[in-house]
Each structure stands twice: as C-alpha cells, then as structure tokens.
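What follows is the residue order along each chain.
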Amino acid sequence: MSAYIKKIGYTVDAVPFVPISGWHGDNMLEGSPKMPWFKGWKVTKDKKEYSGMTIMDALDNIDPPKRPSDKPLRLPLQDVYKIGGVFTVSRCCNVVIV
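As the structure is a prediction and not an experimental result, all values here were calculated from the model.

Draft legend 1. Geometry of the nonpolar core. Grouped together as the largest cluster of nonpolar side chains are six residues: Val18, Met35, Phe38, Trp41, Val43 and Ala58. Not counting residues up to four positions away in its chain, the partners in contact with Val43 are Asp13, Ala14, Val15, Pro16, Lys48, Glu49 and Tyr50.

Below you can see the structure in the form of structure tokens.
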C-alpha cells in the first residue's frame, strides 16, 4: 500500500494506515481488542505529529482544503427526474455566481 500511496504523489509519512472492519466495527470509533497487533497510527504533517487508534481519529486530523475565496462562487446543481418508474434521468450543470 505504501508504494501505491507514494506512486500517486502522497508522502507516506503523512498518511495514516488503519486496519478496520466495517462489518464488525473494529477500529472505527474505538480501538478493537480483536487486533492486538495494531498499536495505532502516527503521521507527521507540517513538522507536527498526530496519532490515534481509529479511523475516526484519522478523519479528525484531515486538513480541510483551501478554498479560493477571491474567485466567483461555483455551485454544482443536479436535478433527478423519475419517469414512470421506468428509468431515471440525471442532469448536472455548474452555476457561477459573480
């Protein structure tokens, strides 16, 4: 997994690896006793260290993307039309508010 993360352009030291089980909820909200080999994750971002045991801890440490507040607001809009239970048509467009 580390090789793939590196190949697509991420720094491996900044990506937390968390073994989870969505079926049983292991390491989702709290650490699982079923994975005693997992001692937690630790990452380094911007010379700061973050650590945790769960996927929720990892999600809490994601930096939000920087928004271009000096540009016009762009909102994606989508309409969905269901025609007689036969098929669904989706329409999507971008609206720019200046």
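Draft legend 2. Structural detail: the pairing of strand E2 (residues 48–52). Relative to E2, strand E1 (residues 41–45) runs antiparallel, the two sharing five bridges. Bridge pairing in E2 links Thr44 to Glu49.

Draft legend 3. View of the side chain of Asn27. Examined against the element boundaries, Asn27 turns out to sit in the loop between helix H1 (2–7) and E1. Beyond its immediate chain neighbours, meaning those up to four positions away, Asn27 contacts Val18, Pro19, Ile20, Ser32, Met35, Phe38, Met53, Thr54 and Ile55.

Draft legend 4. Broad picture of the confidence of the model for the chain. Confidence in the prediction for the chain averages 82 pLDDT; 78% of positions are at 70 or higher. Predicted confidence in the chain is weakest over strand E4 (residues 87–97), with a mean pLDDT of 58, and strongest over helix H2 (residues 55–60), with 92.

Draft legend 5. Molecular detail of the layout of surface pockets. In this structure, the largest pocket encloses a volume near 310 Å³. Residue lining of the largest pocket: 15 residues in total, with Ala14, Val15, Pro16, Lys45 and Ile62 positioned closest to the centre. Broken down by secondary-structure element, the contributors of at least two residues to the lining of the largest pocket are E1 and H2.

Draft legend 6. Seen up close, the pairing of E1. Side-chain alternation along E1 places Trp41, Val43 and Lys45 on a buried face and Lys42 and Thr44 on a face that remains uncovered. Hairpin connection between E1 and E2: a loop of two residues separates the two successive antiparallel strands, and Asp46 in this loop has a positive phi of roughly 50°.

Draft legend 7. Looking closely at the environment of Ala58. As for its placement among the helices and strands, Ala58 is situated in helix H2. Of the residues examined, Ala58 reaches a relative accessible area of 10% and is grouped as buried. As for Ala58 and Val18, which are separated by 40 residues in sequence, their C-alpha atoms are 8.1 Å apart. Apart from the residues within four sequence positions on either side, Ala58 is in contact with Pro16, Val18 and Trp41.

Draft legend 8. Spotlight on unusual backbone geometry. Here the phi dihedral of Asn27 falls at roughly 60°; this positive angle occurs in a residue that is not glycine. One non-glycine residue, Asp46, lies in the positive phi region at around 50°. Residue position: Asp46 is located in the loop between E1 and E2.

Conventions used here
Residues numbered from 1 in each chain as written. Predicted model: local features only at pLDDT ≥ 70, side-chain atom pairs only at ≥ 80, totals over all residues. Heavy atoms only, no water. Core = buried A, V, L, I, M, F, W, Y, C linked by side-chain atoms within 4.5 Å. Buried < 20%, exposed > 50% of the residue type's maximum accessible area, 1.4 Å probe, protein only. Contact = heavy atoms within 4.5 Å. Pairing = 2+ DSSP bridges. Helix = DSSP H or I, 4+ residues; strand = E, 2+ residues; numbered from the N terminus. pLDDT = per-residue confidence, 0-100. 1 Å grid on protein atoms, 1.4 Å probe; cavity = no way out; pocket = protein on both sides within 12 Å on 5 of 7 lines; lining within 4 Å. Points joined across faces, edges and corners; volume = space filled by probe spheres on them.

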